[in-house]
Amino acid sequence: MNLVLETAKDNLQSMGFLDIHVDPSLDLIEEINKLKKEKNAIVLAHYYQESEIQDVADYIGDSLGLAQKAESTDADIIVFAGVHFMAETAKMLNPDKKVVLPDLKAGCSLSDSCPAPIFSKFKEKYPDHVVVSYINCTAELKTLTDICCTSSNAEAVVNSIPKDKGIIFAPDKNLGAWLIKKTGRDMILWNGSCMVHEIFSNEKITKLMTRHPEAKFIAHPECEDHILAKADFIGSTSQLLKYTKENEANTFIVATEPGIIYQMEKASPDKTFIPAPPTTNCACNECPHMKRNTLEKLYLSLKYELPEIILEPRVIEQGKKCIDTMMEISREAGFKM
Ligand code: 13P
Ligand code: SF4
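From a predicted model like this one, the values you see are computed outputs, not experimental measurements. (Residues numbered from 1 in each chain as written. Chains lettered and ligands numbered in written order. Predicted model: local features only at pLDDT ≥ 70, side-chain atom pairs only at ≥ 80, totals over all residues. Heavy atoms only, no water.)

**Q** Describe the overall build of the protein, naming the residues involved and giving the relevant values.
**A** Within the protein one finds 16 helices and twelve strands. For a compact globule of 337 residues, the expected C-alpha radius of gyration is about 20 Å, and the protein comes in at 20 Å, within 12% of that figure. Expressed as lengths along the three principal axes of its C-alpha atoms, the size of the protein is roughly 60 × 50 × 35 Å. Taking all 337 residues of the protein together, the buried fraction comes to 55%. Contacts in the protein between residues far apart in sequence, at least 24 positions, make up 65% of those at least 6 positions apart. (Helix = DSSP H or I, 4+ residues; strand = E, 2+ residues; numbered from the N terminus. Rg over C-alpha atoms; globule rule 2.2 N^0.38 Å. Buried < 20%, exposed > 50% of the residue type's maximum accessible area, 1.4 Å probe, protein only. Contact = heavy atoms within 4.5 Å.)

**Q** Before we move on, could you go through the packing of helix α4 (residues 63–72) against helix α5 (residues 84–93) and cite the residues and values that matter?
**A** Two packed helices can be described by the angle between their axes and the distance between those axes. Closest axis-to-axis distance for the α4/α5 pair is 9 Å, and the angle between their directions is 30°. By the angle between their directions, the pair α4 and α5 is classed as roughly parallel. Classified by chirality, the crossing of α5 by α4 is right-handed. Facing S63, L66, A67, A70 and E71 of α4, the residues of α5 in contact are M86, T89, A90 and L93. When the residues that make up the contact of α4 with α5 are grouped by side-chain class, the tally is six nonpolar, two polar and one charged. (Axes fitted to C-alpha atoms, helices over the stretch in contact; angles between N-to-C directions. Parallel < 35°, antiparallel > 145°, perpendicular 65-115°, else oblique. Left-handed = near helix turned anticlockwise from the far one by under 90°. Nonpolar A, V, L, I, M, F, W, Y, C, P; charged D, E, K, R; others polar.)

**Q** I'd like a description of unusual backbone geometry, backed by residues and values.
**A** In this chain, A170 is followed by P171 through a cis amide linkage whose omega measures -10°. Tracing the backbone shows P171 in the loop between β7 (167–170) and α10 (173–183). Cis rather than trans, the peptide bond between L306 and P307 has omega equal to -10°. Inspection of the secondary structure assignment puts P307 in the loop between α15 (295–304) and α16 (313–332). Even without a glycine there, the phi angle at N40 is positive, about 45°. One can find N40 in the loop between α2 (28–39) and β1 (41–46). Positive phi, close to 55°, is recorded for E305, a residue that is not glycine.

**Q** Explain the site of ligand 1 to me, using residue names and the numbers behind them.
**A** Around ligand 1 sit 14 residues, and of these H46, S63, S151, H220 and T237 come closest. Note that an oxygen atom of ligand 1 is positioned 2.9 Å from one of the backbone N or O atoms of S63. For ligand 1, an oxygen atom lies 3.5 Å from a polar atom in the side chain of Y134. For ligand 1, the cavity whose grid points lie within 2 Å of the majority of its atoms is the largest cavity. (Near = heavy atom within 4 Å. Polar contact = N/O pair within 3.5 Å; in protein donor to acceptor, adjacent residues only side chain to side chain. 1 Å grid on protein atoms, 1.4 Å probe; cavity = no way out; pocket = protein on both sides within 12 Å on 5 of 7 lines; lining within 4 Å. Sits in = over half its atoms within 2 Å of the grid points.)

**Q** Explain the sheet that holds strand β2 (residues 59–61) to me, and be specific about the residues and the numbers.
**A** Here we have four strands laid out as an open sheet, ordered β2-β1-β3-β4, and parallel in their pairing. Looking at which strands have only one partner, the edges of the open sheet turn out to be β2 and β4 (98–100). Along the sheet, successive strands turn relative to each other by an average axial angle of 20°, direction set aside. Two strands pair when backbone bridges link them, and β1 and strand β3 (residues 77–81) are joined in this way by five bridges, in the parallel orientation. Residue pairing in the sheet places L44 in a bridge with F80 of β3. Contacting β1, β3 and β4, α15 crosses the sheet at an angle of about 165° to β3. (Pairing = 2+ DSSP bridges.)

**Q** Quick rundown of the environment of T279? Include the residues and the values.
**A** Mapping T279 onto the fold places it in the loop between β12 (272–275) and α15. Judged by relative accessible area, which is 48%, T279 ranks as partly exposed. Distance from T279 to H46, taken between C-alpha atoms, is 25 Å for residues 233 residues apart in sequence. Contact partners of T279, with chain neighbours within four places excluded, come to I199, F200, S201 and K204.

**Q** An account of the pattern of salt bridges is requested, with residue identities and associated values reported.
**A** According to the stated counting rule, one finds 17 salt bridges in the structure shown. For E140, the salt bridge is made with R314, and the minimal N-O distance between the two is 3.0 Å. In this pair, E140 sits in helix α8 (residues 139–142) while R314 sits in helix α16, placing the two residues 174 residues apart along the sequence. R331 is the partner of E328 in a salt bridge, and the nearest nitrogen-oxygen pair spans 3.3 Å. Here the residue E328 and the residue R331 both occupy positions in helix α16, the gap between them amounting to three residues, near one helical turn. Residue classification places R331 among the partly exposed residues on the basis of a relative accessible area of 48%. (Salt bridge = Lys/Arg side-chain N within 4 Å of Asp/Glu carboxyl O.)

**Q** Explain the layout of surface pockets to me, using residue names and the numbers behind them.
**A** Here the largest pocket defines a volume of roughly 280 Å³. Lining the largest pocket we find 15 residues, and of these Y47, S238, Q239, K336 and M337 sit closest to its centre. Contributing elements (two or more residues each) for the lining of the largest pocket: α4 and α13 (237–246). With five residues, α13 is the single largest residue contributor to the lining of the largest pocket. (Points joined across faces, edges and corners; volume = space filled by probe spheres on them.)

**Q** Please give an account of the site of ligand 2 that cites residues and values.
**A** Neighbouring ligand 2 are Y48, V83, C108, S109, L110, N136, C194, V196, E222, C287, H289 and M290. Taking a 2 Å distance to the grid points as the criterion, the majority of the atoms of ligand 2 fall inside the largest cavity. By residue class, the composition of the shell around ligand 2 is eight nonpolar, three polar and one charged.

Here you go:
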C-alpha cells in the first residue's frame, strides 16, 4: 500500500468509516507485543472485551481498576481497549500521554443518555446539591460533576458526602436506585440506563434458578431493581469475579456482560458459569459498543497511534477534578487495583 493511500485510510479509520484490510497471515499477537515494546505502550482492557483482546492486555480490570492503572502507568502510549468514556478518563489523568481507542465509535448507551447541555439545565434546579456522576459519562459531563464514582466505589463516594447535603446522581437510574437502598440517602436520579443491563429476562432467570437450585445468582448494579432483588450477590465486574473465586458454590448465573465469564472460567476452571439470558433470542446481553474493538483494530491503533483521544484543555482541567476526588476517596477507603 503506498503511503498516501495508507495515510488516507488511517484518517478514515480514525473517524470510524473504514476497516483497513490486515494481512490475515500476520501473527497479530506477536506484532502487538513487538509494537508495545518498541513504543513503550501499554494495553488496558475492560473485562467486557473479546477474550483475545484480554489475552494481549497488560492489565484487565473494571472501570475503577483501569482508571487507577491509567493514573499510575509510566508508558508513553495507552491503548485503551474499552469504550470512549474510559479512554477519555485515561486522557484526563494523563494529559501529556497519547491515548488511543481502537474504534472511536465504541460509545456507551448510558453515557449517551445524559447530554451535558441538558444536564446543565437540570442541575440549575438544585443549586445546593452535590453532583455525583457514574464514570460512564462524557468528559463534558464530568466538568459539571463534583465527584465521580464507579460501580466498585459508588457506596463509599455517596457515604463521603455530609448527611445534610442533597445529591443528584447521574446518569444511571438503576445504580442510583440501588445506592439509595444501600446508603439510605435520598437522591435525585437522572433517567439514564445501560442497554445491556436492562435486557435481562426475569422469567428466564427464574427458570434457570429453578433448574439450578444450587447456583448462586450474581448481578451488576446497573441491572433493574426486579433483577437485583433476586441476586445472592451484587457488585462491579471485579467484585463479581472475586465473589466467584472465593465462594464455595460450583455454579453461578451471571447477570452482566458475558465478557467477564472468560476471566471467571480462567480463575475457577472447575466451576460452571451461566450467562443470564436476555428477553430476546439474540446475544443482546453483549455490549455492542465494547465489541466494536477487535484485535485487528487494536493492532492498527497501536501501529498508527490512531484514533487518538483529544480533549480541550478546559475539559481536562475542569473534568479531572471529580476524578481526582474519586481517586482520593478510593485510596482512603482502601480500594486497590
Ligand atoms: P464496572 O467496570 O465498574 O464493573 O462497570 C461495568 C460497565 O458497564 C462498564 O461499562
Ligand atoms: Fe455502556 Fe452498558 Fe456497554 Fe457498559 S455495558 S459500555 S454501561 S452500554
